Amino acid sequence: MSEPLPDGSPGDTAPDVLLTGLLFYDLVFTGLGRGPVPGEEVWARGMGSGPGGIANLAVTAARFGLRTSLAAVFGDDLYGRYCREVLAGQEGIDLSPSRTAPIGWHTPVTVSLALGADRALVTGGAEPPYGQDELIGDPPAARSALVHIGPEPQDWIAKAAASGTRVFADVGWDPSQRWSTDLLDQLSLCHAFLPNETEAMAYTRTATPRAALRALTDLVPVAVVTRGRDGAIAVDQETGEYADADALDIDVLDATGAGDVFGASFVAATLAGWPLAERLRFAVLASGLSTRRHGGALAAPGWGGVAEWWRGVVADPGAEELRRTYGFLADRIPAGVGPPPPEAPPTPL
């Protein structure tokens, strides 16, 4: 039986996961039947709030037992102080590479309207006063780094890769919709690339998710294409494995941050040395479970949420197929796991 959690050497304090990116304060409204139109007020039946953006990845990793170090910019305001308290105090994330911005720069705020299986976002904020290269500098030794690549390469990623850190990359929506293939040049620094199917097809100029996956296997050792309600597909060229995981049948409350939960969960399973099929199914499961709760970061299920779900599957006479598909969890869930993390409460505005 392989270890359920990645273990460093005795006394090792190097991060398992190093992250940097934009931090947001997320305010999420659920139970909306439809979005508002100009001049109209719509009441939501549910609301939650908490850290968002890069925090989604950091909290997910920490809740799966990874030593997590985050470099982000916090505003010197209510939202910044709240996010710091949650991430460092509640979740145990190392914020030593992070900075507090000068007075006058405010923590970006995102309002998420959960509409069916998707969401609409409105964000207010400004470009942070410190860039990612400035925050990280010479990156510390880390077992992995979770990054969002964009049009402009980041020097710290090349430094981290050169020092042996395994880089797991995602990519965001291109508002210009040009989808420049130059961005794919950065994959030479990466161990894995995890775009969604729309992004994967656009950047590879292919017509199907599977064709996009084939194109990406020429560029990066581990290629993953996420497909929302259709699950995910992946290839690991280092092991010769191919995997296809179906999404779970889950009533979605809020899809905010589900893709980030997928990415960090995949990293956790990779660092634990699991086979590709298990890595992919685990990430699909964690992502799906996160959609049953409000918010992004604080919806991450952690081991407590996974263990609770698995106990329900074991006890359900009609869940035979799920028991076969996810039977590996019996040997992966750590002993003595506590209850799932608490729901994300609304924070005073």
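It should be noted that the structure appears before, not after, this text.
Residues numbered from 1 in each chain as written. Predicted model: local features only at pLDDT ≥ 70, side-chain atom pairs only at ≥ 80, totals over all residues. Heavy atoms only, no water.

Colleague: Would you mind going over the pattern of salt bridges in detail, with residue names and values included?
Modeller: Per the counting criterion, the structure on display carries 13 salt bridges. Of the charged contacts, one joins Arg67 and Asp16 as a salt bridge, the two residues approaching to 3.6 Å between their closest N and O atoms. Linking Arg67 in the loop between helix H1 (54-63) and strand E4 (68-71) with Asp16 in the segment before strand E1 (17-20), this pair joins segments that are 51 residues apart in sequence. The residue Asp76 makes a salt bridge to Arg81 at a minimum N-O spacing of 3.4 Å. For Asp76, a relative accessible area of 40% puts it in the partly exposed group. When its relative accessible area of 49% is taken as the criterion, Arg81 is described as partly exposed. Overlapping salt bridges bring together Asp16, Arg67 and Arg143 as one network. (Salt bridge = Lys/Arg side-chain N within 4 Å of Asp/Glu carboxyl O. Helix = DSSP H or I, 4+ residues; strand = E, 2+ residues; numbered from the N terminus. Buried < 20%, exposed > 50% of the residue type's maximum accessible area, 1.4 Å probe, protein only.)

Colleague: Go over the environment of Ala264, please, and point to the residues and values.
Modeller: Assignment of secondary structure puts Ala264 in helix H7 (residues 258-271). Residues Ala264 and Phe168, spaced 96 residues apart in sequence, show a C-alpha to C-alpha distance of 9.1 Å. If near-sequence neighbours (up to four positions away) are discounted, Ala264 is found in contact with Leu57, Thr60, Ala61 and Leu146. (Contact = heavy atoms within 4.5 Å.)

Colleague: Outline the packing of aromatic side chains, listing residues and values.
Modeller: According to the stated counting rule, one finds 13 aromatic pairs in the structure shown. Aromatic side chains Trp179 and Tyr203 sit 5.1 Å apart centroid to centroid with 85° between the ring planes, which places their arrangement in the edge-to-face category. You can see Trp179 sitting in the loop between strand E10 (166-171) and strand E11 (192-193) and its partner Tyr203 sitting in helix H5 (residues 197-204), a full 24 residues away along the chain. Between Tyr326 and Phe328, the ring centres sit 5.9 Å apart and the planes meet at 35°, which makes this aromatic pair tilted. A connected cluster of aromatic rings, assembled from ring pairs, spans Phe64, Trp274, Phe282, Trp303, Trp309, Trp310, Tyr326 and Phe328. Across the ring face of Phe74, the terminal group of Arg84 is positioned such that the distance to the ring centre comes to 4.5 Å. (Phe/Tyr/Trp six-rings, centres within 6.5 Å; stacked < 30°, edge-to-face > 60°. Lys NZ or Arg CZ within 6 Å of the ring centre and 35° of its normal.)

Colleague: Which residues make up the sheet that holds strand E2 (residues 23-30), and what values do they have?
Modeller: The strand order E3-E2-E7-E8 describes an open sheet built from four strands, whose pairing is mixed. If you trace the sheet from one side to the other, it starts and ends with strand E3 (46-53) and strand E8 (118-124), each paired once. The mean inter-strand angle of the sheet, taken between neighbouring strand axes irrespective of direction, is 25°. Sheet topology note: the E2/strand E7 (residues 109-115) ladder contains five bridges and is parallel. By the bridge assignment, Asp26 is partnered in E7 with Thr110. Sheet strands touched by H1: E2 and E3. Its angle to E3, the strand with the most contacts, is close to 90°. (Pairing = 2+ DSSP bridges. Axes fitted to C-alpha atoms, helices over the stretch in contact; angles between N-to-C directions.)

Everything listed is a geometric property; what it means functionally is a separate question.
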